[in-house]
Amino acid sequence: MRRMGRKFSTKIVIMMKVWDAHGEFCAKHQWEVIVATLALLACAASVERHANHATRSERCAGWARACPGLEAEYQAADAVIMTIVRCAALLYAYYQVSNLQKIASKYLLIIAGVFSTFASFIFTSALASLFWTELASIKDAPFLFLLVTDVARGARMAKAGWSAGDDQGKRVGKALSLLGPTATLDTLLAALLVGVGGLSGVPRLEHMCTFACLALLVDYLVFVTFYPACLSLVADFASGKKELSTDNPFMEADLKPNPVVQRVKMIMAAGLLCVHLTSRWPWTRDSGMLDGSLSNNSNPLPHDNVLLDSYVKWFSVSADYIVIATLLCALIIKFVFFEETRNWVIDMEDMTVKEVVPSEKPVFTIGEDPKADISVQTDDLIGYDETEWPTLSPSASATKLNAKRRPMAECLEIYRSEGLASALTDEEIIMLVEQSHIPLHRLETVLADPLRGVRLRRKVIASRFQTGDAVKSLPYLNYDYSKVMNACCENVIGFVGIPVGYAGPLVVDGKPYMIPMATTEGALVASTNRGAKAIGQRGVTSVVEDIGMTRAPAVKLPNVVRAHECRQWLNNTDNYDLVKEAFDSTSRFARLQEIHIGVDGATLYLRFRATTGDAMGMNMVSKGAENALKVLKNYFPDMEVISLSGNYCSDKKAASINWVKGRGKRVVCETTISSDSLRNIFKTDARTLARCNKIKNLSGSALAGSIGGNNAHAANMVTAIFIATGQDPAQNITSSNCSTSMEVCGDTGEDLYVTCTMPSLEVGTVGGGTVLTGQSACLDILGVRGAAERPAENSAKLGSLICATVLAGELSLMAALVNSDLVKSHMRHNRSAININQAASTTELTLKVPQL
Ligand code: ADP
C-alpha cells in the first residue's frame, strides 16, 4: 500500500514538473506564442468567413435536414426558453468578468482574460465550420460558449503566479503547475457533463452540446498556452504586482473550483439530462415541443389563425431580441459605471471576496472556519447581544481592493471632518499612520473598531520592524478587544493562549469546586488534582478576613518637627475622620480602615489601607489616597508629595510589611488527611510529611532568609488561578506569601493536620482582567464572577478557594518529595520533552509525545 502511495505521489511530482516546465516555456517564449496564436486566430477567422460563404447553401440544407421543423424555432415557447438560456449565459459571463476584476483589478489582465476567451470562441467556431458544418450555424454559439467557459481561472492563475516569487518564468511555471491539473480535470468533467446533452436525441441540442464540448477543449488549450504567455507579458507591465502578492496571496483554496461555476455546470448537466430523458420517452414524440423534427407532423394552422400566428411569431422574435439587448445594456452600464464604486473586500483569512456597502461598517465572519463563512454587516448586529460578540470577528473590515487610494489631503479632510477614520480604506489609514497623522496607538479609537485597529497595527509593525511572519503567527482573531481597550492592554497586536486545566473536585467549606488553572507547567494541575483527591469529602475549612488594599504615598515635610506634627495630627481621631471622609468620597466601595505611618527623617510614608468591595482595589485606593492628600495639604501646605506610591504599600515587591500586616485578603485553611489517604494516595505517612515540612518549609526557608516563603510552592497554584481568573499576575509576589504547617494528629497519631496561612492575597472579581471573556468564564466556573450582593463576598470566596488549592498542591508536592517522586512525575508529565527534542528528528518526537 505504502509503495503504491509513494508511486502515486512520484507521479504527481512528475506531472507538476511537466506543467512547471511547460509554463516556463510559454512564459519565456511569450512573443512567439502570442504571435503564433494571433496568426492562427486571423486564419481561423478567415476560414470561418470562407466556410460561411462556400457552404452556406449546403449548411442551410443540412440545417433544414437536421431541423426540418425550422418554423418551430419561432414558436413562442421555444423563444422564451432560448431567451432564458441567453440571459443566463450573459449573467454568468458578467459574473465571471466581475470575479476577474475582484481578484485582480488590473485592466490589462482583464483584457488578456477576455481576449483569450474571445480567441477560444473564434477557434471553436472555425473548427466547427471546418469539420462539423452543421454546428457552425448555431446562432446561440456565443451564448453557449459563455456558459461553459471559466474566465475566472485566468485570474486565479495570475494570482498564483504573483504569489510564486520574483522570477517571471518560474512564476508562470509555478502557476501552471498548480492550476494545470485542476483545469485539466475540470475540462474533462465539464466535457463529460455537456456530452450528456450531446446524446439527448434532440438534434438542435445535440449540436449545441457538441459545440460546447469543442469549445471547452479549445478554451482549455488556449488557457494552457496563450494565456500563460499573455500573463507573463502583463506581469511585466503591471505595476504594483508586489502589492497584489502580499495583500492577496494565492491560497490553496484557490485551487478549489469556484462553487458558483460548479453549480452552474451541475444545473446545466441536470437540465441536459432531463431533456435527454424526456426526448427518449415515447410521449415526447406526440408533444413535439423540443424535437424540431416532429413539428412537421403537427397539424397545419387553420387559415384564420395565420394572421394571429404571424403576430405571435413577430412578437416572440422581437421580444427575444428586446430582452437580450436590454439585459446586455444594463450589464454594460452596471459594469462601467457602478462596479468601480463598489467596495470589494477580501477576507485575508479565507481569501473570499465580499462586498461592503459604501456607508459600511466592517464585515464580520463567524469563526475561522472557512465553511462558516457567513458574512454579516455590523448593521445587522443592532440589537445583537454583545456578550455573543467574541464569536464574531471582522475579518475583512475594509481591505478595499478596488477602491483607489485617495490623495493624502482628501484622506486627512475626511478624517478631520468626521473625527473618525472608519470611512477610509486600510491603505489610506496606513498612509496616515506612516505620515504621523494618526498615532499608531490610537487606531482602535479613530476607527471605532477594535479588531480592525489591531489588524492594521499588526500590518504596520510587521512592515516597520520587519517582523513579517513572526507577527502573523501571533493569534488575534476571535477575541473581544472592546473589553481590552482602555482597560487591560495598549498597542494590542494579538493575544497568547494559555491552556486551562482543572483540579478537583476540591471540597471547600462543604462545597465541591472545579478549580481552573492556567499554566504551561506540566504536572502542576495533575499534582494539585491528586491533593484534592486526598482531601476528599472531608474538604478544606477556610477563614477569610478582608484586610483591605493599601497605598502608601511618600510625603516630605520641611523638617523632622513638622513631620512629627503631621503624624500627630493624623493620629487624632477627628482629623482622621476628616481624611477618611475625603478618601471614602471617591468610591462607593472604598472604605478607609487605617493610616499606618512609617517615618524616615522628615519623610512620612502614609500607608492607607481600605476595603474595596469585590475589586482588588489598587486603583480605588490610589484614587482615595490622592484625595486624602489634598485635605492633608490644606493643613500642611509645606508638605510635598514626593510620590503617590512610596513603596511602603507594598505592591508587587517582596516586603515583610505585607507578610506582617497583611494586604488584600488574609485567608487561613485547614484540613485533616486520614492515614489511609496518606498511604493509598500519597504512599507515605503523617510523621514523614510533618518532619519534611519542618525541615524544608520552616528551617530551610528561615536559613534562606525567606519572607513569607514557608511553603513548598504556593506561587504555582496562586499564579495559575490568577491567570485563569484575570487577576493581576504580577501580584503573585505578595499573594504567594504562605505558611504551610503540618502536624501529626488523630487518635492513633497517624493522621495529618495541615494548614495554609496566606495573609496577603490580592484578589478581585470585578475590574481589571476579570472582565475578559475567558477569565470571566473561569470566575463563573467558581461561581464568583462580578459583584456579590454583599460587597467583598465574591472576592473573599475566591481568596479561600485559592488558599484551599494551595493547600492541595502543597500536600501533593510534599508527598512527591518524601517519596523522591518529583523527578519521576515531572518526567511523566514532562512539559519540556518537546523543547528538548525539538532539535531532534521528527520520528523521535512522535515516539516521545505519547508518553506525555
Ligand atoms: P481595581 O480598583 O481593583 O484596580 P477598578 O479600578 O476597575 O479595579 O475598580 C473597580 C470598579 O468597579 C470601580 O469603579 C467600582 O465602582 C466598580 N464596582 C462595581 N461593583 C463593585 C463591587 N461590588 N466591588 C468593588 N467595586 C465595584
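Residues numbered from 1 in each chain as written. Predicted model: local features only at pLDDT ≥ 70, side-chain atom pairs only at ≥ 80, totals over all residues. Heavy atoms only, no water.

1. Description of the site of the ligand
For the ligand, the set of nearby residues contains 15 residues, the closest of which are Asp 614, Gly 617, Asn 619, Met 620 and Ala 787. Within the side chain of Asn 619, a nitrogen or oxygen atom sits 2.9 Å from an oxygen atom of the ligand. Between the ligand and Met 620, the relevant distance is 3.2 Å, taken from an oxygen atom to a main-chain nitrogen or oxygen of the residue. (Near = heavy atom within 4 Å. Polar contact = N/O pair within 3.5 Å; in protein donor to acceptor, adjacent residues only side chain to side chain.)

2. Section: the pattern of salt bridges
Considering all chains together, one arrives at 21 salt bridges under this definition. Close ionic contact of Arg 406 with Glu 428 constitutes a salt bridge, the shortest N to O distance being 2.8 Å. Separated by 22 residues along the polypeptide, Arg 406 in the loop between strand 5 (392–394) and helix 16 (408–418) and Glu 428 in helix 17 (residues 426–434) bring together distant segments of the chain. The exposure class assigned to Glu 428 is buried, which follows from its relative accessible area of 0%. Of the charged contacts, one joins Glu 762 and Arg 663 as a salt bridge, the two residues approaching to 2.7 Å between their closest N and O atoms. (Salt bridge = Lys/Arg side-chain N within 4 Å of Asp/Glu carboxyl O. Helix = DSSP H or I, 4+ residues; strand = E, 2+ residues; numbered from the N terminus. Buried < 20%, exposed > 50% of the residue type's maximum accessible area, 1.4 Å probe, protein only.)

3. Some words on the confidence of the model for the chain
For any part of a model where pLDDT is low, the fine detail of the predicted coordinates should not be relied upon. In this model, the chain carries an average pLDDT of 76, and 63% of its residues clear a pLDDT of 70 or more. Scored below 50 in pLDDT, residues 340–402 makes 156 contacts in the model with residues more than four places away or belonging to other chains. (pLDDT = per-residue confidence, 0-100. Contact = heavy atoms within 4.5 Å.)

4. Quick notes on the pairing of strand 7 (residues 511–518)
In the sheet, strand 6 (residues 500–508) pairs with strand 7 via seven bridges, with the strands oriented antiparallel. Within the sheet, the bridge partner assigned to Tyr 502 lies in strand 7 and is Pro 516. Turn length for the strand 6-strand 7 hairpin, with the two strands adjacent in sequence and antiparallel, is two residues, and the turn residue Asp 509 shows positive phi of about 50°. (Pairing = 2+ DSSP bridges.)

5. Section: a nonpolar patch on the surface
A contiguous nonpolar surface patch, about 310 Å² in accessible area, is contributed by Tyr 502, Met 514 and Ile 781. Residue placement: Tyr 502 occurs in strand 6. (Patch = residues over 30% accessible without salt bridge, like charges linked within 9 Å, V, L, I, M, F, W, Y side chains within 5 Å. Areas by Shrake-Rupley, 256 points an atom, 1.4 Å probe, with all protein chains shown as cover.)

6. Overview of the packing of helix 16 against helix 17
In contact at an axis separation of 10 Å, helix 16 and helix 17 are set at 95° when each is read in the N-to-C sense. Looking at the two axes, helix 16 sits roughly perpendicular to helix 17. In contact with Met 408, Cys 411, Leu 412 and Tyr 415 of helix 16, helix 17 contributes Glu 428, Met 431 and Leu 432. Class assignment for the residues of the contact of helix 16 with helix 17 results in six nonpolar, no polar and one charged. (Axes fitted to C-alpha atoms, helices over the stretch in contact; angles between N-to-C directions. Parallel < 35°, antiparallel > 145°, perpendicular 65-115°, else oblique. Nonpolar A, V, L, I, M, F, W, Y, C, P; charged D, E, K, R; others polar.)

7. Concerning the packing of aromatic side chains
Between two aromatic rings, the relevant description is the distance of the centres plus the angle of the planes. The tally for this structure, following the rule as stated, stands at six aromatic pairs. Taking 5.9 Å as the distance between ring centres and 85° as the angle between the ring planes, the aromatic pair formed by Trp 569 and Phe 636 counts as edge-to-face. Taken together, the positions of Trp 569 in helix 22 (residues 560–571) and Phe 636 in the loop between helix 24 (618–635) and strand 12 (640–643) put the pair 67 residues apart, joining distant regions of the chain. Here Trp 569 matches Phe 636 in class, with each residue buried. Each ring, one from Phe 583 and one from Phe 608, has its centre 5.8 Å from the other, and the planes form 20°; the classification is stacked. (Phe/Tyr/Trp six-rings, centres within 6.5 Å; stacked < 30°, edge-to-face > 60°.)

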